[in-house]
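# Inside the fold
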Amino acid sequence: MSSDHLIIFDTTLRDGEQSPGASMTREEKVRIARQLERMRVDVIEAGFPAASNGDFESVKAVADAIKDSTICGLARALERDIQRAGEALRGANSSRIHTFIATSPIHMEKKLRMSPEQVIEQAVKAVTWARQYTDNVEFSPEDAGRSDPDFLCRVLEAVIDAGARTLNIPDTVGYSVPGQFGELIRNLRERIPNSDKAIFSVHCHNDLGLAVANSLSAVLNGARQVECTINGLGERAGNAALEEIVMAVRTRSDVFQCSTRIDTTQIVPASRLVASITGFAVQPNKAIVGANAFAHESGIHQDGVLKHRETYEIMRAEDVGWSANKMVLGKHSGRNAFRTRLTELGIDLGSEEAINAAFTRFKELADKKHEIFDEDLHALASDEVASH
Ligand code: KIV
Ligand code: ZN
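About the thresholds
Residues numbered from 1 in each chain as written. Chains lettered and ligands numbered in written order. Predicted model: local features only at pLDDT ≥ 70, side-chain atom pairs only at ≥ 80, totals over all residues. Helix = DSSP H or I, 4+ residues; strand = E, 2+ residues; numbered from the N terminus. Rg over C-alpha atoms; globule rule 2.2 N^0.38 Å. Buried ≥ 20, exposed ≤ 12 C-beta atoms within 10 Å, placed from the backbone. Contact = placed C-beta atoms within 7 Å. Near = placed C-beta within 6 Å. Nonpolar A, V, L, I, M, F, W, Y, C, P; charged D, E, K, R; others polar. UniProt positions renumbered as here; feature names shortened; annotations may be inferred. Core = buried A, V, L, I, M, F, W, Y, C linked by C-beta atoms within 7 Å. Right-handed = clockwise from strand over helix to strand, strands pointing away. Pairing = 2+ DSSP bridges. Axes fitted to C-alpha atoms, helices over the stretch in contact; angles between N-to-C directions.

### Brief notes about the overall build of the chain
- Of the regular secondary structure elements, the chain holds 15 helices and eight strands.
- The C-alpha atoms of the chain give 22 Å as radius of gyration, which agrees with the globular expectation for 388 residues (21 Å, within 12%).
- Structurally, the chain occupies a C-alpha span of about 70 × 50 × 35 Å along its principal axes.
- Each of the 388 residues in the chain was classed as buried or not, and the buried ones make up 48%.
- For the chain, long-range pairs separated by at least 24 residues make up 73% of all intrachain contacts whose partners lie at least 6 apart in sequence.

### Quick look at helix α9 (residues 242–251)
- Burial within α9 is extensive, with eight of its 10 residues counted as buried.
- All buried positions along α9 are accounted for by Leu242, Glu243, Glu244, Ile245, Val246, Met247, Ala248 and Val249.
- For α9, the secondary structure elements touched by its buried residues are β1 (7–10), α8 (211–220), β8 (225–228), α10 (253–256) and α11 (267–278).

### Description of the site of ligand 1
- Within the structure, ligand 1 sits among Asp15, Leu74, Phe100, Ser140, Glu142, Asn168, Pro170, Thr172, His203 and His205.
- Every element with two or more residues in the shell around ligand 1 is listed here: β5 (137–142) and β6 (166–171).
- Taken together, the residues that form the shell around ligand 1 break down as three nonpolar, five polar and two charged.

### Observations concerning the UniProt feature "binding site: Mn(2+)" (unreviewed entry) in the chain
- Per the UniProt annotation, the sites labelled "binding site: Mn(2+)" (unreviewed entry) are Asp15, His203, His205 and Asn239. For the annotated residues, spread through 225 residues, the largest C-alpha to C-alpha distance comes to 10.2 Å, consistent with a single compact locus.
- Residue contacts for Asn239: discarding those within four places in its chain leaves Thr11, Asp15, Gly16, Cys204, His205, Asn206, Ala211, Cys228, Thr229, Gly232 and Gly234.

### Some remarks on the UniProt feature "domain: Pyruvate carboxyltransferase" (unreviewed entry) in the chain
- Here, UniProt's "domain: Pyruvate carboxyltransferase" (unreviewed entry) annotation points to residues 6–268.
- Taken end to end, residues 6–268 comprises 43% helix and 17% strand; its first and last C-alpha atoms sit 21 Å apart.

### Overview of the nonpolar core
- Within the largest apolar cluster, 96 residues are counted, with the highest numbers of intra-cluster contacts made by Ile8, Ile44, Ala123, Val226 and Ile245.
- By residue number, the principal contributor to this core is helix α5 (residues 116–131), which donates seven residues.
- Discounting residues that sit within four places of it in the chain, Ile8 has contacts with Val41, Asp42, Val226, Cys228, Leu242, Val246, Thr260 and Ile262.
- Listed in part, the 12 residues of the second largest apolar core include Leu342, Ile347, Leu349 and Ile355.

### What about the pairing of strand β4 (residues 95–102)?
- Burial analysis of β4 places eight of its eight residues in the buried class, the great majority of the element.
- On β4, burial covers both faces: Ser95, Ile97, Thr99 and Ile101 on one face and Arg96, His98, Phe100 and Ala102 on the other are all buried.
- Tracing the backbone out of strand β3 (residues 70–76), into helix α3 (residues 79–88) and back to the parallel element β4 gives a crossover that is right-handed.
- Here six bridges tie β4 to β5, and the two strands are oriented parallel to one another. When the bridges of β5 are listed, Ile101 appears paired with Pro141.

### Structural notes on the pairing of β6
- Here β6 lies mainly inside the structure; six of its six residues are buried.
- Bridge count between β5 and β6: two bridges; the pairing is parallel. Bridge pairing links Glu138 to Thr166 in β6.
- The β-α-β motif built from β5, the intervening helix α6 (residues 149–162) and the parallel element β6 has right-handed crossover chirality.
- For β6 and strand β7 (residues 199–204), the ladder comprises six bridges, and the chain directions are parallel. Each residue of the ladder has a partner; that of Leu167, found in β7, is Phe200.

### Description of the sheet that holds β5
- Spatially, β1-β2-β3-β4-β5-β6-β7-β8 is the arrangement adopted by the eight strands of the closed barrel, whose pairing is parallel. Neighbour-to-neighbour, the strand axes of the sheet open up by a mean angle of 25 degrees, direction not taken into account.
- Contacts between α3 and the sheet are confined to β3 and β4, with β3 contributing the most and set at about 160 degrees to the helix.

Below, the structure written as structure tokens:
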């Protein structure tokens, strides 16, 4: 992997699902995973197999279905968790086990009730167990953002020696600020003697609204994997939003000096799919995927854009998957326009039979309504899925 490649690790199906009210069925997870694969995400974290039988089955289903992305399962630094992850991932073309243990004083003392020495020992054991299933092992010192950097250096050096090849630095509670977080990444890379054997990754939460800024600051300081979610879904205030990371790196490649392999035209369909499955609507002014992200209201802006698009636009709407010339759907529209719009919205009905049934109902609705809006199509698709 060249050093200018930024690995995109999507955790919508794991950390995203930890958002209260966002739990997904196995079939829904597979549908989202297929969209992530279409988008060329490098690593899909599919779930936490030891958390429940349902999660085990979901990770297994994703591992069996997806061929072009690496499938990752999360595991605490416990032998049973790692064994469950290894089993769930058995069918994957390419698999990764992601194991973690907390390293901040408050977590070690109050939650784990372990000494720092015991934590190092457990971390090394966990990586060694995980290596029995795959060479692709990721280790995270949970709550790294509030951990002592000297202690982090010791833990990380030890897990690299045990065979971890990705070191993920989580800002678990969203406490870090960009300058300081970037410096932490640079420091760890410079101070850990065997750091060149591993890729540095970051995983930032958004409690202070800084998840994307912290992640990008880490990229400027040598991180080459970012963990993120579609629409910034995730525990509490969420995780860094994939669409913002990818488009920032692409739009300002002059600053970041690296690139992703993401097919950016699949971003809006992915956003729509995740929103429709979880029921978490996207705010209209959300960067990249909000309904107003490319809308111009003021006369001065409209005039400017009509004269030259780049007066007020730094990205092209089509490049992130918005349709350039939005077709109006109504009673004269045919099956092709209907199907194309479903794809643009990230709606995957799963079978030809379901599309035909939905098309019939669309025609019935179009007879009663002047124009069919995207919301109508989402409602129609949900009814169709519910009727099976
Ligand atoms: O936020 C966090 O620390 C996590 C870890 C499991 C990586 O989600
Ligand atoms: Zn997290």
